[in-house]
Amino acid sequence: MFEPAPFHGCRPRLVAPVRVDPRGTKGPTRGQARGPLWRATSRGFVVPASVELTPEQRTLEASAVLGDGDAVTGWAALHWLGAPWFDGTIDGAETRDIPVVAGRHLIAQPGFSVSQEFLAPGEITSVDGLAVTSARRSVTFEMRYAAGLGAAIVALDMACYSDLVSIAEVAAYVAELGPLTGIQQARAALLEADENAWSPRETKMRGVWTRMARLPRPLCNAPVFTLQGLHVGTPDLIDPVLGLVGQYNGSDHITLAGTANDLKKDAAYRDLGLEPVTMVASDWADLDDFTARLLAAARRARCRTAKPLWTVEPPAWWTPTRTVAQRRALAEWQRERYLRYRRAA
């Protein structure tokens, strides 16, 4: 029986789709492909049924139908380029199609969608044997076709999280584009994006902060220090004028140890004169209630009269990592040391 080889040395867990072969030499026979040991990926292509359907595998399977000058784009290209937050789902539930760009007539099939927008050869790059659009083109595609402005901001924030693009780079790219579908949404997202958000939920919380509560735009993951230069913590959001701190606690915080750590952080911030407020996963079902809590915390922060014992100005020994440029300038050992807390968070 035909046995497919791994796709690429750098991604050994992936298996490239093969065509059904009447001889059974370059692929399974039609009879074998209809059996339980094989799974159809697109018209005429199959992979073993045991192959795990990860975002990367889905992307590889969709790419089997592409020709010269075609490429994977959008979230799938960004994930292939190393951006982990683009997992091909909507909030971890509904699966999204793989977006591809094809200069020829290509019919969409279950699992992938087709764009026939113009694609310049210089916007295609080959990464581990797969043709994908550049990071700038890919994230702009995501921003333009996002379900709303909030989702467009999340896309740019998370592409910046992985240092694939900077806001300035995407702004320069968007400035060169004409009146394309969703271009106004992409331009609007550029004005509200941040290069130091650590998760989509943090970005969405920032949107509640500014749009629903109408509070001044906070800093994202700005480290807080004592006046003596000791690092106290790095809250998800902070208004350095009000002294208002925002923390997002997802499902990973719902443990005894996680809750204890969160309470310690809140106490440490309060001891310095900061006012913390926490958003939890269940708050998405009642944003009005969380907004009321947020505004109440803002009022308490305004009423504080004691001299602040904190600052967001880093001491001389601190290595800043707030921007894409700062993170790109780090040596590999520095990235491992200084950015590991982002993955843990």
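See the structure above.
Worth saying up front: this structure is predicted, and the values here are computed from it rather than measured. (Residues numbered from 1 in each chain as written. Predicted model: local features only at pLDDT ≥ 70, side-chain atom pairs only at ≥ 80, totals over all residues. Heavy atoms only, no water.)

Colleague: Describe the packing of helix α4 (residues 135-145) against helix α6 (residues 167-175), with residues and values.
Modeller: It is the contact of α4 with α6, at a shortest axis distance of 10 Å, that shows an interaxial angle of 75°. Here α6 runs roughly perpendicular to α4, going by the angle between their axes. Taken together, the residues of α6 that come into contact with α4 (itself represented by Arg136, Arg137, Val139, Thr140 and Met143) are Glu169, Val170, Tyr173 and Val174. Of the residues contributing to the contact of α4 with α6, the split by class is five nonpolar, one polar and three charged. (Axes fitted to C-alpha atoms, helices over the stretch in contact; angles between N-to-C directions. Helix = DSSP H or I, 4+ residues; strand = E, 2+ residues; numbered from the N terminus. Parallel < 35°, antiparallel > 145°, perpendicular 65-115°, else oblique. Contact = heavy atoms within 4.5 Å. Nonpolar A, V, L, I, M, F, W, Y, C, P; charged D, E, K, R; others polar.)

Colleague: Talk me through the nonpolar core; I want residue IDs and the actual numbers.
Modeller: Among the nonpolar cores identified, the biggest contains 45 residues, and Val72, Met143 and Leu156 are the most heavily contacted of them. Elements represented by at least two residues in this core include exactly α2 (55-63), α3 (74-80), β9 (98-101), β12 (130-133), α4, α5 (149-161), α6 and α7 (183-192). Top element by residues in this core is α5. It accounts for eight residues. Here Leu156 is in contact with Val139, Met143, Val165, Ile167, Val170, Ala189, Leu190 and Ala193, once residues within four sequence places are set aside. Counting residues in hydrophobic clusters, the runner-up holds 17 residues, among them Cys220, Tyr248, Ala297 and Ala301. (Core = buried A, V, L, I, M, F, W, Y, C linked by side-chain atoms within 4.5 Å. Buried < 20%, exposed > 50% of the residue type's maximum accessible area, 1.4 Å probe, protein only.)

Colleague: I'd like a description of the side chain of Asn196, backed by residues and values.
Modeller: Within the element layout of this structure, Asn196 appears in the loop between α7 and α8 (200-212). Aside from chain neighbours lying at most four places away, what touches Asn196 is Cys220, Asn221, Thr321, Arg322 and Arg327.

Colleague: So, the side chain of Arg11: which residues are in play, and what are the values?
Modeller: Of note, Arg11 is situated in strand β2 (residues 11-15). Of the polar contacts made by the side chain of Arg11, one reaches the side chain of Glu56; its length is 2.4 Å. Apart from residues no more than four positions distant in its own chain, Arg11 is found in contact with Glu56, Trp80, Val127 and Asp128. (Polar contact = N/O pair within 3.5 Å; in protein donor to acceptor, adjacent residues only side chain to side chain.)

Colleague: Which residues make up the packing of aromatic side chains, and what values go with them?
Modeller: Per the counting criterion, the structure on display carries eight aromatic pairs. Centre to centre, the rings of Trp198 and Tyr341 are 5.3 Å apart; their planes meet at 50°, and the pair counts as tilted. Of this pair, Trp198 sits in the loop between α7 and α8 while Tyr341 sits in helix α13 (residues 340-344), and the two are 143 residues apart along the sequence. Under the relative-accessibility criterion, Trp198 is labelled buried at 6%. When the ring of Tyr248 is compared with that of Trp284, the centres are 6.1 Å apart and the planes differ by 50°; the resulting orientation is tilted. Of this pair, Tyr248 sits in strand β17 (residues 244-249) while Trp284 sits in the loop between β18 (275-280) and α10 (287-303), placing them 36 residues apart in sequence. An aromatic cluster is built from Phe225, Trp317 and Trp318, whose rings are joined through pairwise contacts. Taking NZ or CZ as reference, Arg11 lies 3.9 Å from the ring centre of Trp80, over its face. Geometry around Tyr161 places Arg342 over its ring, the cationic atom sitting 4.2 Å from the centre. (Phe/Tyr/Trp six-rings, centres within 6.5 Å; stacked < 30°, edge-to-face > 60°. Lys NZ or Arg CZ within 6 Å of the ring centre and 35° of its normal.)

Colleague: I'd love a proper account of the sheet that holds strand β3 (residues 18-19), names of residues and values included.
Modeller: Reading across the sheet, the three strands line up as β3-β5-β4 and stay open at both edges, with antiparallel pairing between neighbours. Every other strand in the sheet has two partners, leaving β3 and β4 (38-42) as the edge strands with one partner each. Bridging between β4 and strand β5 (residues 45-48) involves four bridges; their strand directions are antiparallel. From the neighbouring strand, Trp38 faces β5, where its bridge partner is Pro48. (Pairing = 2+ DSSP bridges.)

Colleague: Explain the sheet that holds β17 to me, using residue names and the numbers behind them.
Modeller: Pairing is mixed across the open sheet formed by four strands, whose spatial order is β13-β16-β17-β18. Both edges of this open sheet fall to β13 (219-220) and β18, since each of them pairs with a single strand only. Sheet topology places β17 next to β18; six bridges connect them, and they run parallel. Within β18, the position partnered with Leu244 by the bridge is Glu275. Strands β13, β16 (237-239), β17 and β18 of the sheet are contacted by α8, whose axis makes an angle of about 135° with β17. Packed on one face of the sheet, α10 meets β17 and β18 and runs near 170° to β18.

Colleague: I'd like a rundown of the pairing of strand β11 (residues 124-127), residues and numbers included.
Modeller: Sheet topology note: the β11/β12 ladder contains four bridges and is antiparallel. For Val127, the partnering residue across the bridge sits in β12 and is Leu130. Remark: two residues form the turn of the hairpin made by β11 and β12, two consecutive strands paired antiparallel; Asp128 in that turn has positive phi of roughly 50°.

Colleague: Describe the environment of Ala71, and please don't skip the residues or the numbers.
Modeller: With respect to the helices, strands and loops of the structure, Ala71 is situated in strand β6 (residues 71-72). It is 5.7 Å that separates the C-alpha atoms of Ala71 and Val100, two residues lying 29 residues apart in sequence. Setting aside residues up to four positions removed in sequence, Ala71 forms contacts with Leu66, Val100, Val101, Leu119, Ile124, Ala131, Val132 and Thr133.

Colleague: Outline α7, supporting the account with residue identities and numerical values.
Modeller: Considered for burial, the residues of α7 that qualify are Ile183, Ala186, Ala189 and Leu190. Down the axis, α7 shows its buried residues gathered within 115° of arc, on one side only. Exposed and facing more than 90 degrees away from the buried side of α7 are Gln184 and Leu191. For α7, the elements touching its buried residues are α4, α5 and α6. (Arc of directions from axis to C-beta.)

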